[in-house]
Amino acid sequence: MSWGTELWDQFDNLEKHTQWGIDVLEKYIKFVKERTEIELSYAKQLRNLSKKYQPKKNSKEEEEYRYTSARAFLATLNEMNDYAGQHEVISENMTSLITGELTRYVQELKQERKSHFHDGRKAQQHIETCWKQLEASKRRFERDCKEADRAQQYFEKMDADINVTKADVEKARQQAQLRHQMAEDSKAEYSSTLQKFNSEQHDHYYTHIPNIFQKIQEMEERRIVRIGESMKTFAEVDRQVIPIIGKCLDEITKAAESIDHKNDSQLVIEAFKSGFEPPGDVDFEDFTQPMKRTISESSLSNSRGDGKSEPKFGSKSKGKLWPFIKKNKLMSLLTSPHQPPPPPPASASPSAVPNGPQSPKQQKEPLSHRFNEFMTSKPKIHCFRSLKRGLSLKLGAGPEDFSNLPPEQRRKKLQQKVDELNKDIQKEMDQRDALTKMKDVYIKNPQMGDAASVDQRLAELGQNIEKLRLEVQKFEGWLAEVEGRLPPRNEQARRQSGLYEAQNTSAVNSCAQDRESPDGSYTEEQSQETEMKVPATDFDDEFDDEEPLPTIGTCKALYTFEGQNEGTISVAEGEMLYVIEEDKGDGWTRIRRNEDEEGYVPTSYVEVYLDKNAKDEYKSLQKISE
């Protein structure tokens, strides 16, 4: 089966067919190219999807991945990333093994096809030229024969005519002979040309054209084989990544099987366990017997004079039922002046007035009313300190010792901080050891470097290590306090607290017997007679880490003010102090002299210089709290 013998007369159809074959090959190349683009796009989308759901660094999401289910999801994301990588491999292999190779082959195929069909056209032109020569020789032979026949007839006519001269007859005879000779020559030439054409035609149809068509057939068959091999490669490229894709899927299955619901439940306990004991039973209150539910003002003043605290809680566990109430709520109600401030003196200086301005006096309002007002009113943030604490808890910030956290969570945070500091110390020590060795090398071999050049860095590392060790000691102290290995760190300081704390401790202890629970209810003790006496400082354990109010400006005392009532502070004329709370419309401004002395003074007695940034922050925090 050969195109040369079977299709000797189908030159044009073969030309069209081979062109169609090249078009098919180019179409397949385009198909594979679009497939590679799809694979790349798919891989890119998979990578973006995996990246989108990856946990952000230093975010809350990163902490959630300690659960087995979240870790399994993270493993799935990582495997999907590898899965996307295999699709990129498919695209790369198809581009290099199919698209690139077939593109080069198509160019070679076009050149080869062009050469073969050029040879075929050349052979056809040659046989056509031979045929034209044969036709010309044939027509010339036919013409010469006709001319010789007419010359012969003319000679015979002249020879038969008696009136024609002998010379005319001889001339006609010679002309006839000449024509006959020319006819014989044309005949010989025609015969030779015919033989030559027959030979050329035989070679054309039995040698040249079959050879050319055979080459075209082989070219076409190679094209068909090549496109088949490319299709196999197309499948093999996919098949090669199937084991790796299978491993990715196996890893996803393994990650899913590693999910442990019991372990996750235990992690929830470790994450949110507060360490507090559940509240005790609520005691029955017999209202048939007269009883005092709050401490009278006289008992409050007596307790202040005695310097002893009243009974506070029935037991240690009951004393810490709900540790979330803020101490400054009580102190704000007990110590903030409730009457209008005195007007400023008429003279330039209050010292010129015999008695001078009087400090604000407390209203004759029973203290029980103020306790009832506090316990029944909707909880609010009464001062900037509580406002700042509440906002910091919302934003995730907190005090350095994590005192805003429950005991168990605080212990974990402190332990984590200690471990981080120890790692930092180890890094600094490793650097110091390396620099020390380098210095020794420089000392032994001065040509390698100056030993004095590392002294400054060694000194810096020593200072850093010392600072980190002090930090470790500080956090270890707090950790020991939480774990109960040491007494509370501020116990001695509280025993030696100033007059302001001592005067209000009794009132706070008395009021604190009614505690606010997280759900808004209240837990009350049965009576004062059945309560166990607890040192006054136990109540303050919940608030000893209260952050000091930030300063929002400064002020200058225009007059001398003698703060004689609770919540006020004495100032001297011309004294510069810090403003920590603006006048809220009641005529009083809260100021601070130092860390232990703060209180209210009449706004008209001071000239206030507020810091704009601090004031804006203060107002924004107030809006948030409302």
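Note on numbering: residues in each chain are counted from 1, in written sequence order. Local features in this predicted model are restricted to residues of pLDDT 70 or higher, and side-chain atom pairs are both shown and tallied only at a pLDDT of 80 or more, whereas totals for entire chains, interfaces and linings draw on every residue. Hydrogen atoms and water are omitted, and side-chain values are computed over all heavy atoms in the structure.

Draft legend 1. Main features of the pairing of strand β6 (residues 598–602). When accessible area is computed with a 1.4 Å probe and restricted to protein chains, residues below 20% of their type maximum are described as buried, those above 50% as exposed, and intermediate ones as partly exposed. To qualify as a helix, a DSSP run of H or I must reach at least 4 residues; to qualify as a strand, a run of E must reach at least 2; elements of each kind are numbered from the N terminus. Counted residue by residue, β6 has five buried out of five residues, so it is predominantly covered. Of the two faces of β6, the one lined by E598, Y600 and P602 and the one lined by G599 and V601 are each fully buried. Here strand β5 (residues 588–592) runs beside β6; their pairing, made up of five bridges, is antiparallel. Residue pairing for β6: R592 is matched across the bridge by E598. Paired strands, as defined in this entry, are two strands with at least two bridges between them according to DSSP.

Draft legend 2. Broad picture of the nonpolar core. Remark: nonpolar core denotes a set of buried residues (Ala, Val, Leu, Ile, Met, Phe, Trp, Tyr, Cys) joined through side-chain atoms within 4.5 Å. In terms of nonpolar packing, the biggest core is built from 31 residues, with L25, Y28, M94, I98, F213 and I216 touching the most fellow members. Of all the secondary structure elements, the ones that give two or more residues to this core are α2 (11–52), α4 (68–160) and α5 (166–257). With 11 residues, the single largest contributor to this core is α4. What makes two residues a contact is simply this: any of their non-hydrogen atoms within 4.5 Å. In this structure I216 touches W3, T18, H116 and F117, once residues within four positions along its chain are discounted.

Draft legend 3. Fine view of the pattern of salt bridges. Salt bridges are identified by distance alone: a Lys or Arg side-chain nitrogen within 4 Å of an Asp or Glu carboxyl oxygen. Under the definition given, this model contains 25 salt bridges. Of the charged contacts in the structure, one is a salt bridge between E170 and R173, with a shortest N-O distance of 1.9 Å. Highlighted residues: E170 and R173, both in helix α5, separated by three residues, approximately one helical turn. Residue classification places R173 among the partly exposed positions, given a relative accessible area of 27%. Among the ionic pairs, R592 bridges to E598, the shortest N-O distance being 3.4 Å. In terms of burial, R592 and E598 fall into one category: buried.

Draft legend 4. Structural context of the packing of aromatic side chains. Here is the rule: rings of Phe, Tyr and Trp (six-membered ring for Trp) pair when centre to centre is within 6.5 Å. Planes less than 30 degrees apart are stacked, more than 60 are edge-to-face, and the remainder are tilted. Per the counting criterion, the structure on display carries 12 aromatic pairs. Note on F31 and F234: the rings are 5.6 Å apart at their centroids and 35° apart in plane angle, and the pair reads as tilted. Residue F31 is located in helix α2, and its partner F234 is located in helix α5; the two are separated by 203 residues in the primary sequence. Judged by its relative accessible area of 16%, F234 falls in the buried class. With a centroid separation of 5.7 Å and 70° between ring planes, the pair formed by F561 and Y605 is classed as edge-to-face. Here the residue F561 occupies a position in the loop between β3 (553–557) and β4 (576–581), and Y605 occupies one in the loop between β6 and β7 (606–610), the gap between them amounting to 44 residues. Comparing F561 with Y605 shows no difference in burial state: the two are buried. Taken together, the ring pairs in this structure connect Y559, F561, W588 and Y605 into an aromatic cluster.

Remember, this is a structural readout, not a statement about activity or role.
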